[in-house]
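Chain residues, written in single-letter form:
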Amino acid sequence: MRYTVTGDSNNVQVVDIPSPKPEPGDIVVRMAACGICGSDLEKIYGQYSQPSTRLGHETAGVVVSVGDGVDEFAVGDRVFTHHHVPCYGCYLCRRGSHTRCQYYSKSNLLPCGLADEYLVPAWNVGRGGVLKIPDTMSFEQAAMIEPLACCIRAWSGYSTASNDTVAIFGVGSAGMLHAMLALRKGFSKIYCIDVNKFRLDFVKSLLGTEILLAQESTASEILNHTDQRGVDLAIVSTGNMAALQSAICSVRYGGTVMLFGVPSKDATIKLNMDYVYSRELKIYCSYAASDDDTREALRLISDGLGVEHLITHRYDIVDSPEAFERARSGLGSVKVIINGSDFKK
């Protein structure tokens, strides 16, 4: 079977290996759709600050074999599979920090989600990491469960009030998912900021948000749009530290900054703490998603949240190098999906 790996000189290769065989408690899934995430791009072309180098975790498919002792899933089941699952019993898990559990990043799809077939370990299968998807949900919609779940987890740190306003810095697919959630929560104004004109036009056409081209004066523009008050919430859906600086200067007194995009390894900013303190700003971070979040994401997509509208390009797994180049360039694209050979749209 084929799977996608990072090669030498920051490139992508498709290689052949034997298909995985399930041990007791495992299942094997034939990949139908897998999204390319910004973290995948960072692992190849950037300086990713998190430990994994595996590609492909926004994935869904069909169960093709099960190990001994697996009763909840059977061959032919249509499933979403979560690549990381916490233990739910440790000190951090009991306090809601599931994605910082010591076991979370150790549980992985093998060899990765970007493979003709991949193994879901018993740890994941037994702890809620596999969800059956309804027949009415496409595999491409199911591949959007994981990125939507990450956004849902991030929003759990913010209490929405009536007529709140938000500025979203970075409107790749994750930023647009944040915009969808803000619309669903009834935000009165949603400002989307990016350097990519195509994506700004795309999100305005799709969701009707306000758009601003990212520049040094972005914070001033947002203040001008809000009677110099600033927005209630700024979401930094990019690892760009200049965006974080703009976000901090764009929120109102007592406002909130959500750091969602993963910074590059050892990224730093010069921060005026007097400004932060005197304005009573709140800054919090959110990393990845728990299985509570994936279940909520599945529910929202089932209820009609139009995540499939973000998909602009589709590739076969054999064309993964081209797919990653498309996603990397961001030219005319939002969400790039790789389809399994048996499941072309």
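In the block above lies the structure referred to throughout.
Residues numbered from 1 in each chain as written. Predicted model: local features only at pLDDT ≥ 70, side-chain atom pairs only at ≥ 80, totals over all residues. Heavy atoms only, no water.

Undergrad: What is the right way to read the packing of helix α5 (residues 145-155) against helix α11 (residues 291-302) from this model?
TA: Helix-helix packing is characterised by the crossing angle of the two axes and by the distance between the axes. Where α5 contacts α11, the axes come no closer than 8 Å and their chain directions differ by 110°. If you check the angle between α5 and α11, you find them roughly perpendicular. Classified by chirality, the crossing of α11 by α5 is right-handed. Where α5 abuts α11, its residues Ile-145, Leu-148, Ala-149, Ile-152 and Arg-153 lie against Asp-293, Thr-294, Glu-296, Ala-297, Leu-298, Leu-300 and Ile-301. Of the residues contributing to the contact of α5 with α11, the split by class is eight nonpolar, one polar and three charged. (Axes fitted to C-alpha atoms, helices over the stretch in contact; angles between N-to-C directions. Helix = DSSP H or I, 4+ residues; strand = E, 2+ residues; numbered from the N terminus. Parallel < 35°, antiparallel > 145°, perpendicular 65-115°, else oblique. Left-handed = near helix turned anticlockwise from the far one by under 90°. Contact = heavy atoms within 4.5 Å. Nonpolar A, V, L, I, M, F, W, Y, C, P; charged D, E, K, R; others polar.)

Undergrad: Just checking my understanding: could you explain the pairing of strand β10 (residues 210-213) for this structure?
TA: Regular strands place side chains that alternate from one sheet face to the opposite one. Pairing of strand β9 (residues 189-194) with β10 involves four bridges; the strand directions are parallel. For Ile-193, the partnering residue across the bridge sits in β10 and is Leu-212. Regarding topology, helix α7 (residues 197-207) serves as the crossover connection from β9 to the parallel β10, and that connection is right-handed. (Pairing = 2+ DSSP bridges. Right-handed = clockwise from strand over helix to strand, strands pointing away.)

Undergrad: Looking at this structure, how should I read helix α8 (residues 218-225)?
TA: For α8, the set of buried residues is Thr-218, Ala-219, Ile-222 and Leu-223. Looking straight down α8, one finds that the buried residues subtend no more than 140° of arc, so they occupy a single side. Two residues or fewer past α8, Asp-227 is found with a positive phi of approximately 55°. (Buried < 20%, exposed > 50% of the residue type's maximum accessible area, 1.4 Å probe, protein only. Arc of directions from axis to C-beta.)

Undergrad: How do you make sense of α7 when you look at a structure like this?
TA: Since the α-helix packs 3.6 residues into each turn, any two residues three or four apart lie on the same face. Among all positions of α7, only Arg-199, Leu-200, Phe-202, Val-203 and Leu-207 are buried. Angularly, the buried residues of α7 cover 160° about the axis, an arc narrow enough to put them on a single face. In the core, the buried residues of α7 are packed alongside α6 (173-184), β9, β10, β14 (311-316) and α12 (320-329). For α7, the capping residue at the N-terminal end is Asn-196, with a side-chain oxygen 3.0 Å from the backbone nitrogen of Phe-198. Phi turns positive, to about 75°, at Gly-208, one or two residues after α7. (Polar contact = N/O pair within 3.5 Å; in protein donor to acceptor, adjacent residues only side chain to side chain.)

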